Amino acid sequence: MMTQEDLYARLRQALRDAIERHHLDEASISLKSRGLTPEEAIGRTARTDYPILNGKEIMLQARFGEALGQAFTSAPVDFEGSLAEVLALDTARDPQARGILVATLNAVLRATGEIGNTVHCRDDGPEQCAERYAALVRERFGRPRIALVGFQPALLARLVREFSVRVLDLNPEIVGSVRSGVTVENGASAYGDVVRDWAELVLCTGSTLCNGTFVDFLDIGKPVLFFGTSCAGAARALGAERFCPMSA
């Protein structure tokens, strides 16, 4: 099984490979990242219960040339430097470094044309995304038991109308609360029961990249669909399936 150390090593190598493939000068090209305000990240939404609106996590955005890459993280930081400096960051010990690496990989792969959909949907985008997800699940999987990893309110509200859903999250302010009629369970202690034993399909937020738990949803013997802009580059690098239809 891939470890968290392996994960960040693979992401770092994916960035190195992109630099080599596209003959980028890792020392001289400047990259900038900053945390976005909630309105910058998601616009004006009808719902007010998106995690990004409560300030516990921030959308970190990196700019490489004209391309943007994002990472949803609880450890945002403003950064300006070279690709070489990003590659040298200590992702093993520094949570801020993980967000920078993830956002940078997304921005660079977007700039080189290898990926798209690296900017979070806005306004009514999450509601439209939820409809698209319900349709995709129905068409590909029928009526599976779904583990939703990462509380996404619009997605949960739409899925429970049609499917049996359990929700996992790590935010202690959300765990134990009832959302759309479903009790949010602890993502660590309930993982085995919900993901390994109960679920037939896992829908997992890409923000698990920045805390390292992304590895818990790779090669688990059942289908996993990742959502969100954070994992745009990682999904390509690691061969994971991502569906993020409303992102730009």
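Reading guide: rules and limits
Residues numbered from 1 in each chain as written. Predicted model: local features only at pLDDT ≥ 70, side-chain atom pairs only at ≥ 80, totals over all residues. Heavy atoms only, no water. Helix = DSSP H or I, 4+ residues; strand = E, 2+ residues; numbered from the N terminus. Buried < 20%, exposed > 50% of the residue type's maximum accessible area, 1.4 Å probe, protein only. Contact = heavy atoms within 4.5 Å. Areas by Shrake-Rupley, 256 points an atom, 1.4 Å probe, with all protein chains shown as cover. Pairing = 2+ DSSP bridges. Axes fitted to C-alpha atoms, helices over the stretch in contact; angles between N-to-C directions. Phe/Tyr/Trp six-rings, centres within 6.5 Å; stacked < 30°, edge-to-face > 60°.

Asker: Could you give an account of the overall build of the chain, with specific residues and numbers?
Answerer: The helix and strand inventory of the chain stands at 9 helices and 10 strands. Within the span of the chain, comprising 248 residues, buried residues form 52% of the whole. Contacts spanning at least 24 positions in sequence make up 63% of the contacts within the chain whose residues lie at least 6 apart. Of the roughly 10900 Å² of accessible surface on the chain, 46% is carried by carbon and sulfur atoms.

Asker: Give me the environment of Arg10: which residues, what numbers.
Answerer: With respect to the element layout, Arg10 can be found in helix 1 (residues 4-21). Between the alpha carbons of Arg10 and Leu238 there is a distance of 7.9 Å; along the sequence they are 228 residues apart. Beyond its immediate chain neighbours, meaning those up to four positions away, Arg10 contacts Met2, Ala237 and Leu238.

Asker: Explain the sheet that holds strand 5 (residues 145-149) to me, and be specific about the residues and the numbers.
Answerer: What the 6 strands build is an open sheet, ordered 7-8-6-5-9-10; its pairing is mixed. Each edge of the open sheet is held by one strand with a lone partner, namely strand 7 (178-179) and strand 10 (224-227). The pairing of strand 6 (residues 164-169) with strand 8 (residues 182-186) spans 3 bridges and is parallel. Counted as the bridge partner of Asp169 is Asn186 from strand 8. In the packing of helix 5 (residues 125-141) onto the sheet, the strands contacted are strand 5, strand 9 (201-205) and strand 10, and the crossing angle to strand 10 comes to about 165°.

Asker: So, the packing of aromatic side chains: which residues are in play, and what are the values?
Answerer: According to the stated counting rule, one finds 4 aromatic pairs in the structure shown. When the ring of Phe214 is compared with that of Phe226, the centres are 4.4 Å apart and the planes differ by 25°; the resulting orientation is stacked. With Phe214 in the loop between helix 8 (208-211) and strand 10 and Phe226 in strand 10, this pair connects stretches of sequence that are 12 residues apart. Counting every residue linked through ring pairs, the aromatic cluster contains Tyr133, Phe227 and Phe243.

Asker: Which residues make up the pairing of strand 9, and what values go with them?
Answerer: Taking burial as the measure, the 5 residues of strand 9 include 5 buried ones, the bulk of the element. Burial of the side chains of strand 9 extends over both faces: Leu201, Leu203 and Thr205 are buried on one face and Val202 and Cys204 on the other. Here 4 bridges tie strand 5 to strand 9, and the two strands are oriented parallel to one another. By the bridge assignment for strand 9, Ala147 is matched with Val202. Alignment of strand 9 against strand 10, held across 4 bridges, turns out to be parallel. Bridging across to strand 10, Thr205 finds its partner in Phe227.

Asker: Account for unusual backbone geometry, with residues named and values stated.
Answerer: With a phi close to 50°, Ser180 is a non-glycine residue in the positive phi region. In this structure, Ser180 sits in the loop between strand 7 and strand 8. The phi torsion at Asp219 lies on the positive side, around 55°, for a residue other than glycine. Looking at where Asp219 falls in the secondary structure, it is placed in the loop between helix 8 and strand 10.

So yeah, pure geometry; function would need other evidence.
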